[in-house]
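Spelled out from the first residue to the last, the chains are:
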Amino acid sequence: MKSLRVSGLAGGLALALSALAGSAQAQQAAPDAGAMPAASAGDPSGVGPDCPLLMQEAEANLELGRQAARAKRWREAAPLLRDAGAGFLNVAASCPAVAARANRQGDAATAEMRSAETALSHQGECQPRVDKALDLDLRATMARGEKGDPAQIEQHLGEAEKSWREAIEVCQSPHREKAEKSLAATVKARAANAELLSAGPACDSAWKSAGSLVDYARTASREKRWDDAAMLYGKAVMAWEGAVDKCSGVRQQQAQRKAEQAQVDAHNAEHCGPLWDQATDHTQRLKAAGGVSATERDGLSVKAEVAWREAFVQCRGSSQNLARGNADALARERGTPLSPQALASIRGLATAQPVGAAPALVAAPVPLPAKVVAVQADARPAEVPPADARPAERKADEPKAATAAAPTPAPAAEVVLVAGDTTYRGAFAYASTGGAVSGSGRVEWTNGESYVGTLVEGRKHGKGRFNWVGGQWYEGDWADDRATGHGVIQFVGGNRYEGGVLDGEPSGRGTLIFPTGDRYTGDFARGVFHGQGRFAWKNGNRYEGAWRLGRKHGQGRLTWAGGDGWAGEFRDDQQTDNGKSFDAPK
């Protein structure tokens, strides 16, 4: 098809040339008496008879070359574009009237010809070498993954390095730069494999045995066969220790690190795995608990948090950090602290904290009332059981009395103390007995949380601010490590509360402002509206009256923005028959 298309074009050009020649001969044979003589090809004053034909031939070659280039037939496109460029150059030299146009098209044809030659070179010279090098790299990678013979891996990497160097010689930018980067990676992999070759057969055999034991142990862990996993990881530890004795150099160091990791995995399989499964099961039950009461949901949440904190005590490494994060997330979501009975049930928790460290949130998180965060201006807050809630009208001077009765911390110098995962910066000092820390300054935990304020015998007491990782914070009164008294709570969602606080929850009289502009001022109990209060919507609607557990309940008055409304008895957030509408004052 290619030869037919080219020969067809040549035939067309030949016919055109013949027609033009016949026309010229006819004009010479019978010149018009009134016509001027035709200009010759070399006449600088005009376009000679050959110029249109030469331009047509060059443009035809250019179009054919472009068609071949679009089809990526580079071997065919390059000579056609080269001929087109030469043809336009000839036209520009012979035909001054169209020289500018011929020069422009000639430049375009030359540029496209160079691109075609580059592509042709890549297709014929560069790409085959790149493909070969990639294939060899893949074989070496598969052999390493299957713990294959280092000698065979060396053969693959050596041939790959040779192919990459050949590719760099023939490839052009940007393929050359990519080949250079791949060559560097192959050289690095070959150097690492050389360590395996130099270690000897004894090292290689020990390495393979240890790796196989780890693979079997991981399979047992995935299948939750914890006894088998613990046994296999324990044997892997011994195998890696044997590799440490038999290997040298970098490989010896790697074997030592693998032995340490296998020791952690063996401990987790024996002590952490079953607890992890239990905590995961409780969490899944909590997530699947649809349609249950708030009391039942809180009960499930407490069980899941206790399970995660038990896992935290027993787990090691990254699993320990994950268990702690899961427990803290449940505490923040629920919004209430674990009871003393629940804390006491966590096996081993008493020994989990370093001596002298401030009580970490792992043991007794100061909760952020997620129930308040969830309150929307046009929706009912989540129900909270009032089992241990004190009346909303608790005495306002109780937190202050507790604060006044607390001992004043002894002055200390500016220091930096580190105890486990806790760092103290400021005027802190260890107590002479018990090792607890007192003073004032900044306390930081490794999980990103921090407290700025005073400590008395390791407990937050007086004024201080606690910052959670997610961005929420509480600033105000503290009494015996409890956020109690008066303070400000800023929530991640934008809600902001100021007023009475008990155990980190809005309690007593206070104001909650929503990002929407809605506002509630009144009584709180355990983080929800409870007592007398006024809710004002941004659109002008408002409710004043009695609340119970976040719902309008009792006598109240609902007024619309226009001034009319309804007054009477509300029950469980709904209007009852005991009330009547009223009109806006005129």
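Residues numbered from 1 in each chain as written. Predicted model: local features only at pLDDT ≥ 70, side-chain atom pairs only at ≥ 80, totals over all residues. Heavy atoms only, no water.

## Concerning the pairing of strand β14 (residues 565–571)
For the record, the criterion: Buried residues are those whose accessible area, probed at 1.4 Å on protein chains only, stays under 20% of the maximum for their type, while exposed residues exceed 50% and partly exposed ones sit between those limits. Numbering of helices and strands runs from the N terminus; a helix is a DSSP stretch of H or I covering at least four residues, while a strand is a stretch of E covering at least two. In this analysis, strands are considered paired if DSSP registers two or more bridges between them.
Summarising burial for β14: 5 of the 7 residues are buried, a large majority. With 6 bridges connecting them, strand β13 (residues 551–559) and β14 associate as antiparallel partners. From the neighbouring strand, Gln555 faces β14, where its bridge partner is Glu569. Linking β13 to β14, which pair antiparallel, is a turn of 5 residues; within it Gly563 sits at a positive phi near 110°. As judged from the 6 bridges shared by β14 and strand β15 (residues 574–582), these two strands associate in the antiparallel manner. Within the sheet, the bridge partner assigned to Gly565 lies in β15 and is Phe582. Taking the residues between adjacent antiparallel strands as the criterion, β14 and β15 are bridged by 2 residues, where Asp572 takes a positive phi near 55°.

## Section: empty space enclosed by the protein
Put simply, the rule reads: For cavity detection a 1 Å grid was placed over the protein atoms alone, and a set of points counts as a cavity when a 1.4 Å probe fits there but cannot get out; an open set counts as a pocket when protein lies on both sides within 12 Å along at least five of seven lines, with lining residues being those that have an atom within 4 Å of a point. Grid points are joined across faces, edges and corners, and a volume is the space filled by probe spheres set on the points. Polar here means any residue outside two lists: the nonpolar Ala, Val, Leu, Ile, Met, Phe, Trp, Tyr, Cys and Pro, and the charged Asp, Glu, Lys and Arg; Gly therefore counts as polar.
Under the counting rule described, the total for this entry stands at 2 cavities of 30 Å³ or more. Looking at the second largest cavity, its volume works out to about 30 Å³. Thr118, Ser121, His122, Cys126, Val170, Cys171, Gln172 and His175 together form the lining of the second largest cavity. Of the residues forming the lining of the second largest cavity, the biggest block, 4 residues, is contributed by helix α4 (residues 99–145). Each residue belonging to the lining of the second largest cavity can be placed in one class, and the counts come to 3 nonpolar, 5 polar and no charged.

## Focus: the nonpolar core
To keep it simple, the criterion reads: Definition of nonpolar core: a set of buried residues of the types Ala, Val, Leu, Ile, Met, Phe, Trp, Tyr and Cys, connected through side-chain atoms within 4.5 Å.
The biggest cluster of nonpolar side chains holds 30 residues, and the ones touching the most others in it are Tyr424 and Phe529. If you look at the next biggest cluster of nonpolar residues, it comprises 20 residues, including Met55, Ala92, Ala109 and Met113.

## Quick word on the pairing of strand β8 (residues 496–502)
The buried fraction of β8 amounts to 5 of the 7 residues, a majority that puts the element mostly inside the structure. The pairing of strand β7 (residues 485–490) with β8 spans 6 bridges and is classified as antiparallel. Along β8, the bridge assignment pairs Gly485 with Val501. Taking the residues that link successive antiparallel strands as the turn, the β7-β8 hairpin has 5 residues, and the phi of Gly494 there is positive, at about 110°. Bridge count between β8 and strand β9 (residues 505–513): 6 bridges; the pairing is antiparallel. Counterpart to Val501 in the pairing with β9 is Pro506. Linking two consecutive strands that pair antiparallel, namely β8 and β9, is a turn of 2 residues; a positive phi of about 55° is found at Asp503 within it.

## Considering the packing of aromatic side chains
The cut-off we apply is this: Paired rings are identified among Phe, Tyr and Trp, the last through its six-membered ring, by centres lying within 6.5 Å, and are further divided according to the angle between planes into stacked (under 30 degrees), edge-to-face (over 60) and tilted (the rest).
Counted under the stated rule, the structure contains 20 aromatic pairs. Where Tyr520 meets Trp547, the ring centres are 5.5 Å apart and the plane angle is 85°; that geometry is what we call edge-to-face. Of this pair, Tyr520 sits in strand β10 (residues 519–525) while Trp547 is found in strand β12 (residues 542–548), placing the two residues 27 residues apart along the sequence. You'll find Tyr520 and Trp547 in the same group, each marked buried.

## Some words on the environment of Asp481
The residue Asp481 is located in the loop between β6 (473–478) and β7 in this model. Judged by its relative accessible area of 10%, Asp481 is buried.

## So, the confidence of the model for the protein chain
Rules: Along the chain, pLDDT gives the predictor's confidence residue by residue, from 0 to 100. A contact between two residues is defined here by any heavy atoms of the two lying within 4.5 Å.
For the protein chain, mean pLDDT is 77; residues scoring 70 or higher make up 76% of the total. Here residues 1–47 is a poorly scored stretch, pLDDT under 50, and it has 25 contacts once near neighbours within four places are set aside; other chains count. Per-residue pLDDT stays below 50 along residues 348–412; that stretch engages in 138 contacts with residues further than four places along the chain or on separate chains.

## Here we look at the packing of α4 against helix α5 (residues 150–170)
Our working rule: All axes here are fitted lines through C-alpha atoms, helices being fitted over the stretch that makes contact, and every angle between N-to-C directions spans 0 to 180 degrees. Roughly parallel means an angle under 35 degrees; roughly antiparallel, over 145; roughly perpendicular, 65 to 115; everything else is oblique. Two helices that cross are described as forming a left-handed crossing if the nearer one is turned anticlockwise from the farther one by less than a right angle, and a right-handed crossing if clockwise.
It is at 8 Å that the axes of α4 and α5 come closest, and there the two elements cross at 160°. On the basis of their axis angle, the class for α4 and α5 is roughly antiparallel. You can see that α4 and α5 cross each other, and the crossing is left-handed.

## Quick look at the pattern of salt bridges
Put simply, the test is: Whenever Lys or Arg places a side-chain nitrogen within 4 Å of a carboxyl oxygen from Asp or Glu, that contact is recorded as a salt bridge.
Going through the model one piece at a time under the given rule, you end up with 29 salt bridges. Close ionic contact of Asp477 with Lys463 constitutes a salt bridge, the shortest N to O distance being 2.4 Å. Of this pair, Asp477 sits in strand β6 while Lys463 is found in strand β5 (residues 459–467), placing the two residues 14 residues apart along the sequence. Judged by relative accessible area, Asp477 falls into the buried class, the value being 11%. The closest approach of N and O atoms between Arg571 and Glu569, which form a salt bridge, is 3.2 Å. Each of the salt bridges in this network shares a partner with another, and the network as a whole consists of Glu154, Glu161, Arg165 and Arg190.

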